[in-house]
Amino acid sequence: MDTLESLATQPFQSLVGKLEDRTARIGVIGLGYVGLPLVLLFSEQKFKVTGFDIDAKKIQVLSRGGSYIVRIPETEIQAAKAKGFTATSDYSHISEMDAIIICVPTPLNDHHEPDLSYIVATAQAIAPHVRAGQLIVLESTTYPGTTEEMLIPILEKNPKGLKAARGDQHGKDTFFVAFSPEREDPGNDTVARRDIPKVVGGLNPEASELCGKLYGTIFHRTVPVSTPAAAEMTKLLENIYRCVNIALVNELKLLSLRMGIDIWEVINAASTKPFGFHPFYPGPGLGGHCIPIDPFYLSWKAKEYDFHTRFIELAGEINLNMPYHVVASTAAALNRNRSSLNGSKVLVLGVAYKKDIDDLRESPALTIIELLQKEGAQVSYNDPYFEYVGRGRKYHLDMANTPLDNLEQYDAVVIVTDHSNYDYPAIVEKSKLVIDTRNATKGIRSPKIVHC
Ligand SMILES: NC(=O)c1ccc[n+]([C@@H]2O[C@H](COP(=O)([O-])OP(=O)(O)OC[C@H]3O[C@@H](n4cnc5c(N)ncnc54)[C@H](O)[C@@H]3O)[C@@H](O)[C@H]2O)c1
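The structure contained in this document is the topic of the report that follows. (Residues numbered from 1 in each chain as written. Predicted model: local features only at pLDDT ≥ 70, side-chain atom pairs only at ≥ 80, totals over all residues. Heavy atoms only, no water.)

Quick look at the site of the ligand
Here is step 1: Taken together, 26 residues are adjacent to the ligand, and Asp53, Lys58, Tyr91, Thr106 and His289 come closest.
Here is step 2: Contact between the ligand and Tyr33: an oxygen atom at 3.1 Å from a main-chain N or O atom of the residue.
Here is step 3: Considered class by class, the residues forming the shell around the ligand number twelve nonpolar, seven polar and seven charged. (Near = heavy atom within 4 Å. Polar contact = N/O pair within 3.5 Å; in protein donor to acceptor, adjacent residues only side chain to side chain. Nonpolar A, V, L, I, M, F, W, Y, C, P; charged D, E, K, R; others polar.)

Right, here's the structure in full:
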């Protein structure tokens, strides 16, 4: 007969066993840039994975063994399917899962405030199907407190009256909850995904241990922290560190341009210092889902504590100004050629937010194109990763990719994203004027190049 104590430890021990022998069913909610690679990692480790997404097109593509992310080949999806991976929009399958990982978007709204609607909608969709002993992990980047203040209260409104396991109270009427931030750096092939240590913060020690065991199956190292809030703050610290340092080099670039100093040469020289310096590089503005957005999750939360996050605000101000600087520099360069931006033909090279990736989110290129158009320029773009740029949350371009021929027809070519497959010497040779925001033309000597 089961003692009270053994009943209490059963769900925990049962999940530990299932994770160890790979019989645990893993559910990943949100099959985007974060969720889909996670599906593949768990599948490689022989787990049966179910992916959940509200985007019917994504479910269709995955169900026929296709991929919608350039760097994920279809063969990897097909290999996962052969190991039992299925994709669905039907949340009733949540009850079959042993561990559920939430990777839905966390953008900012039009007032630059956190938009947690995706997390809320996901929690509401999961709640009716929560089962005792399940582990539910939030991976979406967010402000400290989201897991405990937002996610758990919704999950606890489940029809079975199950509660999140707190302190040492865990048993047959509880489920486990943790936060574990995603640390992927898209396009960075220098560190294998499984070599990036995974921070885990559970609501109680058992949740932390289960979360560590879950990710320990696909990552070489897990790093436990004491609470979900500490894990949430860890992710924000990492991104704020980048955001602030990028703003610093952006500001020093503006000064260096006035002083006639090559900031890239300076950064490379400073990088030779074996300690105390980590290089960050200037650019046309911040892009991607993380660096331009996540710091403001913390600024917003800080206000609840009468706290003003000045570094974040200042960095945001400098970084947001960079696309305007690119447009002003293009206008000034055209002016020196006795042309005006108004009426000029301008080609923007690269619209992805960084090199060699197929991600447009928050890309400074979109702002730069809109600003150039506002000044009356006839703008075209080229990007091997995007045949068409339509409408996004903050832009409406409706533009098709322009082939890279007849470069001489443009009054200016603006390098916004330095994709590796561009032939920069040829581009400089054929163009009348090149505005280089990324030091892509390093080593090429030509009066046609303007660094900005
Ligand atoms: N992309 C990155 O490199 C990266 C890195 C670190 C952290 N993050 C964070 O990870 C989270 C996810 O980012 P992403 O880049 O994968 O976003 P994404 O937009 O590529 O993918 C999110 C997916 O969630 C789906 N979705 C939205 N609401 C849903 C719901 N209610 N139920 C099921 N699916 C739903 C969307 O359809 C989409 O497929 C964000 O919080 C982001 O800040 C992203």
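Still more to cover.
Quick notes on the packing of aromatic side chains
Here is step 1: According to the stated counting rule, one finds ten aromatic pairs in the structure shown.
Here is step 2: Ring plane angle 45° and centroid distance 6.4 Å describe the contact between Phe42 and Tyr215, whose orientation is recorded as tilted. In this pair, Phe42 sits in helix α2 (residues 35–44) while Tyr215 sits in helix α7 (residues 205–216), placing the two residues 173 residues apart along the sequence. In terms of burial, Phe42 and Tyr215 fall into one category: buried.
Here is step 3: Taken together, Phe42, Phe47, Tyr215 and Phe219 form an aromatic cluster joined through their ring pairs.
Here is step 4: The ring of Tyr215 has Lys198 sitting right over it, with the charged end atom 4.4 Å from the ring centre.
Here is step 5: Lying across the ring of Tyr410, Lys345 places its NZ or CZ 5.7 Å from the centre. (Phe/Tyr/Trp six-rings, centres within 6.5 Å; stacked < 30°, edge-to-face > 60°. Helix = DSSP H or I, 4+ residues; strand = E, 2+ residues; numbered from the N terminus. Buried < 20%, exposed > 50% of the residue type's maximum accessible area, 1.4 Å probe, protein only. Lys NZ or Arg CZ within 6 Å of the ring centre and 35° of its normal.)

Some words on the pattern of salt bridges
Here is step 1: Counting across every chain of the model gives 15 salt bridges.
Here is step 2: Across the pair Arg25 and Glu96 runs a salt bridge, and its minimum N-O distance is 3.7 Å. Highlighted residues: Arg25 in strand β1 (residues 25–29) and Glu96 in the loop between β3 (86–88) and β4 (99–102), separated in sequence by 71 residues.
Here is step 3: Put simply, Arg166 and Glu156 hold a salt bridge, and the shortest N to O gap is 2.8 Å. Placement of Arg166 in the loop between β6 (163–164) and β7 (174–179) and of Glu156 in the loop between α6 (146–155) and β6 is noted, with a sequence separation of ten residues between them. (Salt bridge = Lys/Arg side-chain N within 4 Å of Asp/Glu carboxyl O.)

Digging into the pairing of β7
Here is step 1: Extensive coverage of β7 is indicated by the burial of six of its six residues.
Here is step 2: Neither face of β7 is exposed, since Thr174, Phe176 and Ala178 on one face and Phe175, Val177 and Phe179 on the opposite face are all buried.
Here is step 3: With four bridges joining them, strand β5 (residues 135–138) and β7 adopt parallel strand pairing. By the bridge assignment for β7, Leu138 is matched with Phe179. (Pairing = 2+ DSSP bridges.)

A word on the packing of helix α10 (residues 294–303) against helix α11 (residues 310–336)
Here is step 1: Two elements in contact, α10 and α11, have axes whose closest approach is 9 Å; the angle formed by their N-to-C orientations is 140°. Viewed along their axes, α10 and α11 adopt a mutual orientation that is oblique. Helix-helix and strand crossings are classified by hand; for α10 and α11 the assignment is left-handed. Counting all contacts with α10, which are made through Pro295, Phe296, Leu298 and Ser299, the residues of α11 involved are Ile312, Glu313 and Gly316. (Axes fitted to C-alpha atoms, helices over the stretch in contact; angles between N-to-C directions. Parallel < 35°, antiparallel > 145°, perpendicular 65-115°, else oblique. Left-handed = near helix turned anticlockwise from the far one by under 90°. Contact = heavy atoms within 4.5 Å.)

Overview of the side chain of Thr309
Here is step 1: Note on placement: Thr309 falls in the loop between α10 and α11.
Here is step 2: Overall, the relative accessible area of 12% leaves Thr309 in the buried class.
Here is step 3: Here the side chain of Thr309 touches Ser299 through a polar contact of 3.1 Å, side chain to side chain.
Here is step 4: In this structure, Thr309 is in contact with Ser299 and Ala302, ignoring residues within four places of it in sequence.

Quick word on the side chain of His419
Here is step 1: By the secondary structure assignment, His419 is in the loop between β14 (412–415) and α13 (424–430).
Here is step 2: Classification of His419 as buried rests on a relative accessible area of 0%.
Here is step 3: Here Asp383 takes part through its side chain, which lies 2.9 Å from a polar atom of the side chain of His419.
Here is step 4: Once you skip the residues sitting within four places of it in the chain, His419 turns out to touch Gly350, Ala352, Lys354, Lys355, Asp356, Ile357, Asp383, Pro384, Tyr385 and Tyr424.

Observations concerning the packing of α2 against helix α4 (residues 74–82)
Here is step 1: In contact at an axis separation of 9 Å, α2 and α4 are set at 50° when each is read in the N-to-C sense. In terms of orientation, α2 and α4 fall into the oblique class. You can see that α2 and α4 cross each other, and the crossing is left-handed. Two secondary-structure elements touch here, α2 through Leu36, Leu40 and Ser43 and α4 through Glu76, Ile77 and Ala80.

Notes on the pairing of strand β10 (residues 345–349)
Here is step 1: Of all five residues in β10, four are buried; the element is thus mostly enclosed.
Here is step 2: In this structure, β10 lies alongside strand β11 (residues 378–382), joined through five bridges in parallel fashion. Counterpart to Val348 in the pairing with β11 is Tyr381.
Here is step 3: Where β10 meets β14, four bridges bridge the pair, whose relative direction is parallel. Each bridged residue has a counterpart across the sheet, and for Val346 the counterpart in β14 is Ala412.

In short, shape yes, function no, at least from these values alone.
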